[in-house]
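Analysis of the macromolecular model
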Amino acid sequence: MRRELFVREAGPMTTVQDSGRRGYLRFGVSASGPMDAAAFAIANALVGNGPGAACLEFALTGGSFELSRPARLAVTGGSLEIVVDGRRVPAWRAFHARAGARITLGALRDAVWGYLAVSGGIDTVPVMGSRATHLRSGLGGLDGRSLRPGDVLPLGEESGAPLLALARPFRPRSAPIHVVPGPQAHFFDADAWRSLTREPFRVTSKRDRMAMILEGPLLSSARGHDIVSDGTVMGSIQIPPSGHPVILMADRQTTGGYAKIATVITCDIGRLAQTVSRDPIAFRPIAPEAAIAYEREARMRLREAISDLSPAPEPRT
């Protein structure tokens, strides 16, 4: 019997994601991949997968799934209720599930994006070198779309590995989001920068894998908001004529015609993406050299967290 994962119910924006599709920006295809790269990596490590294996990413609530054969699973991203055949299991910790087991994932309580990893990984056909789903262009994953009830996902062959658990919480929740100057930073005067970096913003419900819109002080460009379109990166902060910052995310367009005041540093993007709608955020400016140091430190912390995963014996279901 093939190893498969059956989708019985699917939460909003449940997609197949791996570490991303690289090398196609010049063709207008952004990398996609996980909104929270650290939570994604830890989920794979907990079940013994390689760091780039494909998982399921879901927004707000997970849904319900069933296995054709026994497997190890883990759910990361935030706190939520996980029920396997009527038995609750914790997040951030691997667990066994038998063939035919019903795995139900509830609502995330302190995050937006969750990850379900299955031993062996999701084994859909790679498109342009990746299994990551890019919703805007309909590439990758399962037919380039969000999952729905009745979908069947092939699983790769698993290797033997113990059940593992995260030794301690991985990410602080209260630090400011650090930014470096964007390519059009000189379009914005001191008042705009003061508003961005000293006043609070809130994440609105206008968000998806492409972008998130903030509310707070309105920002204005002294040299106009429209530019000749140029390249974007994940974390680019565009300022459209409305004055509300738009932060570009994993499925963003690869070029944009609005001035970009700043860029969220890479290691803070996951924490920003996980900020619950209506919660406040604060931005703090740092120099590019400091951003590189933060990124090195973040990568080291992730490596340490994965190397410190501890055995988590658990009865089979």
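Residues numbered from 1 in each chain as written. Predicted model: local features only at pLDDT ≥ 70, side-chain atom pairs only at ≥ 80, totals over all residues. Heavy atoms only, no water.

Take the layout of surface pockets next. Any empty space left between atoms is shown by rolling a water-sized probe over those atoms. If you add up the space inside the largest pocket, you get close to 1,200 Å³. In terms of lining residues, the largest pocket is bounded by 49 residues, among which Ala37, Ala38, Thr266, Cys267 and Glu295 are the most central. Among the elements that make up the lining of the largest pocket, the one with the highest residue count is helix H4 (residues 288-307) (ten residues). Along the lines of polarity and charge, the residues of the lining of the largest pocket split into 27 nonpolar, ten polar and twelve charged. (1 Å grid on protein atoms, 1.4 Å probe; cavity = no way out; pocket = protein on both sides within 12 Å on 5 of 7 lines; lining within 4 Å. Points joined across faces, edges and corners; volume = space filled by probe spheres on them. Helix = DSSP H or I, 4+ residues; strand = E, 2+ residues; numbered from the N terminus. Nonpolar A, V, L, I, M, F, W, Y, C, P; charged D, E, K, R; others polar.)

What follows concerns the packing of aromatic side chains. Summed over all chains, the structure comprises three aromatic pairs. Note on phenylalanine 201 and phenylalanine 283: the rings are 5.8 Å apart at their centroids and 65 degrees apart in plane angle, and the pair reads as edge-to-face. Of this pair, phenylalanine 201 sits in strand S14 (residues 201-207) while phenylalanine 283 sits in strand S22 (residues 283-285); the two residues are 82 residues apart in sequence, bridging distant segments of the chain. By relative accessible area, phenylalanine 283 is classed as buried at 1%. (Phe/Tyr/Trp six-rings, centres within 6.5 Å; stacked < 30°, edge-to-face > 60°. Buried < 20%, exposed > 50% of the residue type's maximum accessible area, 1.4 Å probe, protein only.)

Attention shifts here to the sheet that holds strand S18 (residues 246-248). The mixed open sheet is built from eight strands, whose spatial order is S21-S14-S15-S18-S17-S20-S13-S22. Each edge of the open sheet carries a strand with a single partner, namely strand S21 (280-281) and S22. As paired elements, strand S17 (residues 236-238) and strand S20 (residues 260-264) share three bridges and run antiparallel to each other. Paired with glutamine 238 across the bridge in S20 is lysine 260. (Pairing = 2+ DSSP bridges.)

Taken in spatial order, the five strands make up an open sheet running S2-S3-S10-S5-S8, and their pairing is antiparallel. The two strands at the open ends of the sheet, each matched to only one other strand, are strand S2 (15-17) and strand S8 (95-97). Taken pair by pair, the neighbouring strands of this sheet meet at an average axis angle of 35 degrees, ignoring direction. Inspection of the sheet shows S2 paired to strand S3 (residues 55-59) by three bridges, in the antiparallel sense. Residue pairing across strands places valine 16 opposite leucine 56, the latter belonging to S3. (Axes fitted to C-alpha atoms, helices over the stretch in contact; angles between N-to-C directions.)

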